[in-house]
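# Breakdown of the fold
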Amino acid sequence: APDVKGLLLSNRSQCKIQLKDWEGALEDANACLKLLPEHTKSLFRRATANEKLSRLSDALTDYVQVCKAEPNNTAAVEAASRLREQVLKQQQKKSDEILPS
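Overview of the structure. The structure displayed is predicted, hence computed values, not measured ones.

## Topic: the overall build of the protein chain
Summing up its helical and strand segments, the protein chain has five helices and zero strands in all. Along its sequence from the N terminus, the protein chain presents helices and strands in the succession α-α-α-α-α. Counting only C-alpha atoms and orienting by the principal axes, one finds that the protein chain spans roughly 55 × 30 × 20 Å. By residue count, 39% of the 101 residues in the protein chain fall in the buried class.

Following this line, the structure appears as structure tokens:
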């Protein structure tokens, strides 16, 4: 059953986060989300892994999705606002590098 397999993958993703295996956590979260696309815990876990891998835009996208699904999820709301600022700074820096001074 995809539900059971998805939940097992999500749980393993959390274990890998605890072990700081960010790539492994990301793979398991992605695999779970293929089976259970709306699974907010896996979105949050994928966001966490992406943030640790410095993929801030990807992490922000997932945190925002979690916030929309669960507006009272304080961890997701705080992460989204924290990352929003970092992503904006990164984008500003990139455009400053492109434009001659």
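## A closer look at the packing of aromatic side chains
The relative placement of two aromatic rings is captured by the distance of their centres and the angle of their planes. Under the definition given, this model contains one aromatic pair. On the numbers, 5.4 Å between centres and 65° between planes, the contact of Phe-44 with Tyr-63 is edge-to-face. Of this pair, Phe-44 sits in helix α3 (residues 40-52) while Tyr-63 sits in helix α4 (residues 56-69), and the two are 19 residues apart along the sequence.

## A word on helix α5 (residues 74-98)
Over its 25 residues, α5 extends 36 Å from the first C-alpha to the last, a length consistent with the 36 Å expected when each residue adds 1.5 Å. Buried residues of α5: Ala-76, Ala-79, Ala-80, Leu-83 and Val-87, and no others. Buried residues in α5 make contact with α3 and α4.

## Side note on the nonpolar core
Residues Leu-60, Tyr-63, Ala-80 and Leu-83 are the most contacted members of the largest nonpolar core, which totals 14 residues. Sorting the residues of this core by element identifies α3, α4 and α5 as the ones contributing at least two each. Counting residues per element, this core draws most heavily on α4, which supplies six residues. When sequence neighbours within four positions are dropped, the list of residues in contact with Ala-80 reads Leu-60, Tyr-63, Val-64 and Cys-67. Membership of the second largest hydrophobic core comes to five residues, among which are Trp-22, Ala-25, Leu-26 and Ala-49.

## Section: the pattern of salt bridges
Between side chains of opposite charge, pairing is possible as soon as their charged atoms come close. Taken as a whole and assessed by the stated rule, the structure comprises six salt bridges. Put simply, Asp-28 and Arg-12 hold a salt bridge, and the shortest N to O gap is 2.7 Å. In this pair, Asp-28 is assigned in helix α2 (residues 22-35) and Arg-12 in helix α1 (residues 2-18), connecting sequence segments 16 residues apart. Look at Asp-28 and you get buried, because its relative accessible area is 4%.

Analysis parameters
- Residues numbered from 1 in each chain as written.
- Predicted model: local features only at pLDDT ≥ 70, side-chain atom pairs only at ≥ 80, totals over all residues.
- Heavy atoms only, no water.
- Helix = DSSP H or I, 4+ residues; strand = E, 2+ residues; numbered from the N terminus.
- Buried < 20%, exposed > 50% of the residue type's maximum accessible area, 1.4 Å probe, protein only.
- Phe/Tyr/Trp six-rings, centres within 6.5 Å; stacked < 30°, edge-to-face > 60°.
- Expected span 1.5 Å × (residues − 1).
- Contact = heavy atoms within 4.5 Å.
- Core = buried A, V, L, I, M, F, W, Y, C linked by side-chain atoms within 4.5 Å.
- Salt bridge = Lys/Arg side-chain N within 4 Å of Asp/Glu carboxyl O.

What is shown is where atoms sit, not what they do.
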